[in-house]
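Fold and geometry: a report
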Amino acid sequence: MPSRRRAFHAPTLLLACLALTPLGGCTYEQEGPPDLHFEKFDAKPPKLDKVTVCHAYGCKEQTPFTFTQADIAEISALMARVPRNDSPAEERRAIAYAIAWMERRVAPTVGTASDRASMDFGGSGDSTQQDCVDEATNTTSYLLVLERHGLLKHHAVERPFAKDSLTHWTHWAAVIRETDNGERFAIDSSAGVNGENPTVQAAASFYVPDTYADRTPPETGLATAEAQAPRQGSDGLSGLLERMQALGYAEEPTGSSR
């Protein structure tokens, strides 16, 4: 049974997030280099061209895979072929194609060729399935391989981040930063099935927009979620309790916590 302190803390966190909902949801920025993300989830960062692929949700299972010289040559050719011009936006489009190719390449070894889109409760512990933590971790590994081979001219790889709100589960995504202007972009492979081009979207607009003004659509892939504006007017408190119940924090309308 949770302690009283824990029971109090969860609604308090939700209330803090609710205070931010007129400007969007909660964004959990992760400071430091990408390696710290791997430490957080007990995963291994890439070593040269060897990656450790997370699967079974939350990096419960990890399978090593080494990209060959032929693989790197194919990825390099793909990233040279896709862009229509030498711009950051076209490089992001090429990155999406490269990440999808790398997903398909590792799938036969890892066993994730049948990975379904998004997350479902039946996938937890299933070695053929991947959740957003797996996808964000793996995508970061693939990006670091691309960076190591000089295939990212306009972007740098950053530590993944997570976003949520009272109506959206916590969702992780890989992050790159445009080096010219510092704008950050989320790269999310979880919206589609294995091997589909990931969603690439401005980080401020991704999943739960930071503000109502941040509504930039994805550059590639599917919208990971449709952000919903918070309820206004006299139903604000009841709306909060309903959303707390939906997230499992409130057992009944009185607001008792667990």
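Scroll up for the structure.
Residues numbered from 1 in each chain as written. Predicted model: local features only at pLDDT ≥ 70, side-chain atom pairs only at ≥ 80, totals over all residues. Heavy atoms only, no water.

1. Here we look at the packing of aromatic side chains
Inspection of every chain in the model, using the stated rule, returns five aromatic pairs. An angle of 85 degrees between the planes, with centres 5.3 Å apart, marks the rings of F41 and W172 as edge-to-face. With F41 in the loop between α2 (35–40) and β2 (50–55) and W172 in strand β5 (residues 168–178), the pair connects residues that are 131 residues apart, well separated along the chain. The class of F41 is buried, set by a relative accessible area of 18%. Each member of the aromatic cluster is reached from another via a ring pair, and the members are F65, F67 and Y142. (Phe/Tyr/Trp six-rings, centres within 6.5 Å; stacked < 30°, edge-to-face > 60°. Helix = DSSP H or I, 4+ residues; strand = E, 2+ residues; numbered from the N terminus. Buried < 20%, exposed > 50% of the residue type's maximum accessible area, 1.4 Å probe, protein only.)

2. Describing the state of the cysteines
In this structure the tally under the stated criterion is one disulfide. The partner cysteine of C54 in its disulfide is C59, sulfur to sulfur 2.1 Å. One quick way to see it: the torsion about the S-S bond of C54 and C59 is about 95 degrees, and its sign makes the bridge right-handed. Both residues of the pair, C54 and C59, belong to the buried class. (Disulfide = S-S within 2.5 Å.)

3. Topic: the side chain of S190
Topologically, S190 is positioned in the loop between β6 (184–188) and β7 (199–202). Excluding anything up to four places from it in sequence, S190 contacts A117, S118, C132, E135 and H171. (Contact = heavy atoms within 4.5 Å.)

4. Concerning the pattern of salt bridges
Enumeration according to the criterion identifies nine salt bridges in this entry. A salt bridge links D86 to K153, with the shortest nitrogen-to-oxygen separation between them at 3.3 Å. Taken together, the positions of D86 in the loop between α3 (69–81) and α4 (88–110) and K153 in the loop between α5 (132–148) and β4 (155–165) put the pair 67 residues apart, joining distant regions of the chain. The salt bridge involving R92 is made with E219; its shortest N-O contact spans 2.7 Å. Here R92, found in helix α4, pairs with E219, found in the loop between β7 and α6 (236–246); they are 127 residues apart in sequence, far enough to count as distant. Sharing partners across several salt bridges, the network here consists of R84, E90 and R93. (Salt bridge = Lys/Arg side-chain N within 4 Å of Asp/Glu carboxyl O.)

5. Regarding the packing of α3 against α4
Taken N-terminus to C-terminus, the directions of α3 and α4 make an angle of 150 degrees; their axes are 9 Å apart at the nearest point. As the angle between them shows, α3 and α4 are arranged roughly antiparallel. As for the relative orientation of α3 and α4, their crossing is right-handed in sense. Counting all contacts with α3, which are made through D71, E74, I75, L78 and M79, the residues of α4 involved are A94, I95, Y97, A98, W101, M102 and R105. (Axes fitted to C-alpha atoms, helices over the stretch in contact; angles between N-to-C directions. Parallel < 35°, antiparallel > 145°, perpendicular 65-115°, else oblique. Left-handed = near helix turned anticlockwise from the far one by under 90°.)

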